[in-house]
Amino acid sequence: MMLSVMVMGAGAAFTDQDKIVNEEAVDMISALGIVDGYEDDSFQPEKNIERGEAAKMIAVMLNGGKDAIQDATGSSFNDVLGSADAWANKYIEYGVAEGILAGVGGDRFAPASNVTGTQLAKMLLVSLGYDSVKEGYQDNAMWSVNVNTDAVAAGLYAGIETIDMSAPLSRDDAAQMIWNALQANTVYYLTDISDATVTNTTLLADVYGANTTTGILTDISYNHDTGVYTYTIDANGIAFGSLEDNYRPDIETFTSSVDYSGLFAQNVKVLAN
């Protein structure tokens, strides 16, 4: 059965929502505050993501949807401050401080340059705890092979397996990779052991404190005074809101101002804080 996603607290759809392929991913990372639309409320999914934009998404993702707090008065590179992309400096500096971002040579970051799938995957893997040096992501002729191997294993390319990861990445596909990363298991390294040890937790849980519940959407009620919907999710898919079901541990209720009534009786995953 197809799994749909309900985002408690999701915002309004973009004006070009019909052009977005990875709708779930875009909706999710938008609701989590990781990505914004443009002034005309469009998302522009086909537009290539730039290095400065990627730096912001990574920084905000690791700060639980909040703006990165980083000194923006100085820069590690000579082509950021004083440029049209100076707005990205604090995000770039955050990424550098965390060991996630590096320049392109010659003390340059090239914030307006396009990001490839492999390059974003490297940033996301390090965000998950992978060590760039130990895993051969930097100063290594095989860096792209190493990144792609680990990215596939971590599930970062799920849903976009057919795209060329060496080509510039669209905002649409970048959203899918970021959403995949949020759901991927983080890693750590034991003392004197170079192999990454996979944990049983995710950035979604660690950074956002978000809980996910999977089950059948069995009951919906609407409060006309508050404009709030109450949804009942049954892990077993057999209850339809009877009173005694409220005491069952496999029954959970969630509230939202978003109308998900079209998902009634479907198998859904609920993301709630």
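A quick note: this is a predicted structure, and the numbers were derived from the prediction, not measured. Residue positions are given per chain, counted from 1 along the sequence in the order it is written. A pLDDT threshold of at least 70 governs which residues receive local features in this predicted model, and a stricter bar of 80 or more applies before side-chain atom pairs are shown or counted, although totals over entire chains, interfaces and linings include all residues. Note that water and hydrogens are dropped before the side-chain values are worked out from all heavy atoms of the structure.

Caption draft 1: View of the overall build of the chain. A run of H or I in DSSP counts as a helix once it spans at least four residues, and a run of E counts as a strand once it spans at least two, with each numbered from the N terminus. Along the backbone of the chain there are 7 helices and 7 strands. Its C-alpha atoms give the chain a radius of gyration of 20 Å, within 12% of the compact-globule value 19 Å for 273 residues. Across its three principal axes, the chain shows a C-alpha extent of roughly 65 × 50 × 35 Å. Relative accessible area decides the class of each residue, using a 1.4 Å probe on protein chains only: under 20% of the type maximum gives buried, over 50% gives exposed, and in between gives partly exposed. Expressed as a percentage of the 273 residues in the chain, the buried residues total 45%. Counting only contacts in the chain whose residues sit at least 6 apart along the sequence, the fraction spanning at least 24 positions is 63%. Accessible areas in this description were obtained via Shrake-Rupley with a 1.4 Å probe; residue shielding takes into account the shown protein chains only. For the chain, the exposed area adds up to about 13300 Å²; of that, 48% sits on carbon and sulfur atoms. When the 12 positive and 38 negative side-chain charges of the chain are each reduced to one mean point, those points stand 6 Å apart. Radius of gyration means the value over C-alpha atoms here, while the globule rule gives 2.2 Å times the residue count to the 0.38 power. Contacts are assigned to residue pairs with any non-hydrogen atoms lying within 4.5 Å of each other. His is not counted here, nor are the chain ends, while Lys and Arg score as positive and Asp and Glu score as negative. Each charge is placed at NZ for Lys, CZ for Arg, CG for Asp and CD for Glu.

Caption draft 2: Region of interest: the packing of aromatic side chains. Two rings belonging to Phe, Tyr or Trp (six-membered ring only in the last case) form a pair when the distance between their centres is within 6.5 Å. Interplanar angles under 30 degrees mark stacking, angles over 60 mark edge-to-face geometry, and anything in between is tilted. Throughout the structure, instances matching the rule amount to 6 aromatic pairs. Ring plane angle 40 degrees and centroid distance 4.4 Å describe the contact between Tyr222 and Tyr229, whose orientation is recorded as tilted. Under the relative-accessibility criterion, Tyr229 is labelled buried at 15%. With 5.9 Å between their ring centres and 15 degrees between their planes, Tyr229 and Tyr231 make a pair best called stacked.

Caption draft 3: Representation of the packing of helix H4 (residues 117–127) against helix H5 (residues 143–154) in the model. Taken N-terminus to C-terminus, the directions of H4 and H5 make an angle of 65 degrees; their axes are 9 Å apart at the nearest point. Where H4 crosses over H5, the handedness of that crossing is left-handed. On the side of H4, the interface is formed by Thr118, Gln119, Ala121, Lys122 and Leu125, while H5 contributes Trp143, Ser144, Val147, Asn148, Asp150, Ala151 and Ala154. Asp, Glu, Lys and Arg are counted as charged, while Ala, Val, Leu, Ile, Met, Phe, Trp, Tyr, Cys and Pro are counted as nonpolar; the rest, among them Gly, fall into the polar class. Its residues assigned to classes, the contact of H4 with H5 comprises 6 nonpolar, 4 polar and 2 charged. The axes used here are C-alpha line fits, helices contributing only the stretch in contact, and every angle between their N-to-C directions lies in the interval 0 to 180 degrees. For any helix crossing, the convention is left-handed if the near helix is rotated counterclockwise from the far helix by under a right angle, and right-handed if that rotation is clockwise.

Caption draft 4: Representation of unusual backbone geometry in the model. A positive phi angle is found at Gln44, which is not glycine, with a value near 55 degrees. Relative to the helices and strands, Gln44 resides in the loop between helix H1 (23–31) and helix H2 (51–62). When its relative accessible area of 23% is taken as the criterion, Gln44 is described as partly exposed. The phi torsion at Asp107 lies on the positive side, around 60 degrees, for a residue other than glycine. Relative to the helices and strands, Asp107 resides in the loop between helix H3 (89–97) and H4. For Asp107, a relative accessible area of 55% gives the class exposed.

Caption draft 5: Focus on the layout of surface pockets. Each pocket or cavity is described by its volume, and for the second largest pocket that value is around 260 Å³. As defined here, a cavity is a set of points on a 1 Å grid over the protein atoms alone where a 1.4 Å probe fits but cannot get out. A pocket is an open set with protein on both sides within 12 Å along at least five of seven lines, and residues line them when an atom is within 4 Å of a point. Around the second largest pocket, the lining is made up of 14 residues, and of these Arg51, Ala102, Gly103, Lys122 and Trp143 lie nearest the centre. Counting residues per element, the lining of the second largest pocket draws most heavily on H4, which supplies 3 residues. In the lining of the second largest pocket, the residues fall into 7 nonpolar, 4 polar and 3 charged. Grid points are joined across faces, edges and corners, and a volume is the space filled by probe spheres set on the points.

Caption draft 6: Region of interest: the pattern of salt bridges. Counted as salt bridges are all cases of a side-chain nitrogen of Lys or Arg within 4 Å of a carboxyl oxygen of Asp or Glu. Across all of its chains, the model carries 3 salt bridges by this definition. The shortest N-O distance in the salt bridge between Lys90 and Asp67 comes to 2.7 Å. Highlighted residues: Lys90 in helix H3 and Asp67 in the loop between H2 and H3, separated in sequence by 23 residues. With a relative accessible area of 39%, Asp67 lands in the partly exposed category. Between Arg108 and Asp79 there is a salt bridge; the shortest N-O distance is 3.9 Å. Taken together, the residues Arg108 in the loop between H3 and H4 and Asp79 in the loop between H2 and H3 connect sequence positions 29 residues apart.

Caption draft 7: Spotlight on the nonpolar core. Formed by 62 residues in total, the largest nonpolar core has its most connected members in Ile34, Met61, Leu120, Leu124, Leu156, Trp179 and Leu182. Elements that contribute at least two residues to this core include exactly H1, H2, H3, H4, H5, helix H6 (171–183), strand E2 (185–189) and helix H7 (203–206). Per element, the largest residue contribution to this core is 8 residues, and it comes from H2. Among the nonpolar cores identified, the runner-up in size contains 10 residues, and Leu217, Tyr231, Leu263 and Val270 belong to it. Only buried residues count toward a nonpolar core. Its members are Ala, Val, Leu, Ile, Met, Phe, Trp, Tyr and Cys residues joined through side-chain atoms within 4.5 Å.

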